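Close look at the chain arrangement
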Amino acid sequence: MVFVLATNNQKKRDEMERILRPLGISVVTAQQAGISMEGVEETGSTFEENADIKAVAACRLADLPAVADDSGLVVDALDGAPGVYSARYAGENATDADRIAKLLNAMKDVPQEKRSARFISAVCCVFPDGRKVTASASCEGSIAFSPRGEGGFGYDPIFVTESGKTFSQLSAQEKDRISHRGAAMRLLYSRLKPLLAKEEEVIEEENGQ
Ligand code: IMP
């Protein structure tokens, strides 16, 4: 069974693919499925609602099972901001650098011990017959005083993990092992597995095997 990844964010898509492929899940990008997520508005007030909106839309558009991730950075000293607005924190056409600069400026007077934060990922898988499987996970850390590292995307250069390194200073595999997205995708997979095994059985029965 092939799943369409409900995102136009190439870096996020690469991570989703990298995590799902070793689990035996075949994926195609929205582009490969001939659909665009551009017009799909994230109108939910939670990560879970937005993941649902994106997965339902992609599933309908592509007529394929779809997997969506809605994620963001929750900073305690900013009362949970940027949260579900992580992608839009510095306006619609802003860059990752703009968002990082805005966040660091908002945190400039916050001392080390009050810089706690977490990444949250809510993932949702929707099948054309309406079945849904969901999972969420978080990764605890803190906000650096300045960006460090080259890897990853988004707020990775300023998210300090328990190892003391930012997400950007970790290899892709190291990030996947501890990240919110890695944990949420693996939990999703564990919930999808029984369902996929049943599908296999039905296909085998139909083929008379
Ligand atoms: P959305 O899920 O498409 O609304 O976008 C989530 C936004 O949160 C991204 O555009 C990034 O700015 C940020 N984000 C989510 N996950 C990560 C991550 O793993 N690293 C860095 N930034 C992230």
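Just so you know, the residues in each chain are numbered from 1, in the order the chain's sequence is written. Restriction of local features to residues with pLDDT of at least 70 applies here, the model being predicted, together with a cutoff of 80 or more for giving and counting side-chain atom pairs; totals for whole chains, interfaces and linings are based on all residues. Each side-chain value is derived from all of the structure's non-hydrogen atoms; neither hydrogens nor water enter the calculation.

1. Thoughts on the overall build of the chain
Segments assigned H or I by DSSP are reported as helices when at least four residues long, segments assigned E as strands when at least two residues long, and all are numbered from the N terminus. If you tally the helices and strands in the chain, you get 5 helices and 6 strands. From first element to last, N terminus to C terminus, the chain shows the α and β order β-α-β-α-β-α-β-β-β-α-α. The C-alpha radius of gyration of the chain comes to 18 Å, within 12% of the 17 Å expected for a compact globule of 209 residues. Judged by the C-alpha coordinates and their principal axes, the chain covers about 70 × 35 × 25 Å. Partly exposed residues are those whose accessible area sits between 20% and 50% of the maximum for their type, while under 20% is buried and over 50% is exposed, using a 1.4 Å probe and protein chains only. Taken over 209 residues, the chain has a buried fraction of 46%. A sequence separation of at least 24 residues applies to 62% of the contacts in the chain between residues at least 6 apart. For accessible areas, the Shrake-Rupley method is used with a probe of radius 1.4 Å. Any residue's cover is judged against the shown protein chains and nothing else. Accessible surface, the chain as shown: approximately 10,600 Å² in total, 48% of it carbon and sulfur. We compute the radius of gyration from the C-alpha atoms alone; for a globule the expected value is 2.2 Å times N to the 0.38, where N is the number of residues. Note on contacts: a residue pair is in contact if any heavy atoms of the two residues lie within 4.5 Å.

2. Examining the nonpolar core
Counting 20 residues, the largest nonpolar core has L73, V75, L103, I143, Y155 and I158 as the members making the most contacts within it. Where this core is concerned, the elements lending two or more residues are β3 (66-75), α3 (96-106), β4 (116-126), β5 (132-143) and β6 (159-160). Top element by residues in this core is α3. It accounts for 3 residues. If we ignore the near neighbours within four places in the chain, the residues touching Y155 are L73, P82, S86, Y89, R99, I100, L103 and F119. Take the buried Ala, Val, Leu, Ile, Met, Phe, Trp, Tyr and Cys residues and link them wherever side-chain atoms come within 4.5 Å; each set so joined is a nonpolar core.

3. Brief notes about the site of the ligand
One heavy atom within 4 Å of a molecule or strand makes the whole residue count as near it. In the neighbourhood of the ligand, 17 residues make up the surrounding shell, with K12, E42, D156, K175 and R181 lying closest. Separating an oxygen atom of the ligand from a side-chain N or O atom of E42 is a distance of 3.0 Å. S71 has a polar backbone atom sitting 3.0 Å from an oxygen atom of the ligand. Protein chains bury 94% of the 490 Å² of accessible surface belonging to the ligand in isolation. Put simply, the ligand lies in the largest pocket. Elements supplying a minimum of two residues to the shell around the ligand: β3 and α5 (180-206). Counting residues per element, the shell around the ligand draws most heavily on β3, which supplies 4 residues. N or O atoms closer than or at 3.5 Å make up a polar contact, with two conditions inside protein: a donor-capable atom paired with an acceptor-capable one, and, for residues adjacent in sequence, both atoms drawn from side chains. Only protein atoms enter the calculation, which uses a 1 Å grid: trapped sets of points that fit a 1.4 Å probe without letting it out are cavities, open sets showing protein on both sides within 12 Å along at least five of seven lines are pockets, and any residue with an atom within 4 Å of a point is a lining residue. For a molecule to be placed in a cavity or pocket, more than half of its atoms must lie within 2 Å of the grid points of that cavity or pocket.

4. Considering the sheet that holds β4
With mixed pairing, the 6 strands of this open sheet are ordered in space as β2-β1-β3-β4-β5-β6. Strands at the two margins of the open sheet, each flanked by one partner only, are β2 (26-28) and β6. With 2 bridges connecting them, β5 and β6 associate as antiparallel partners. Across the sheet, the residue bridging to S142 is V160, located in β6. Set on the sheet, helix α1 (residues 10-20) makes contact with β1 (2-5), β2 and β3; between it and β3 the angle comes to about 115°. A pair of strands is treated as paired once DSSP finds two or more bridges between them. Axes here refer to lines fitted to C-alpha atoms; in helices the fit is confined to the stretch in contact. Angles between the N-to-C directions go from 0 to 180 degrees.

5. Concerning α3
In an α-helix, one turn spans 3.6 residues; hence positions three or four apart end up facing the same way. Buried residues of α3: R99, I100, L103 and L104, and no others. In a view along the axis of α3, the buried residues occupy a sector of 130°, so they form one face of it. Considering only its buried residues, α3 is in contact with β3 and β5. The directions considered for the arc are those from the helix axis to the C-beta atoms.

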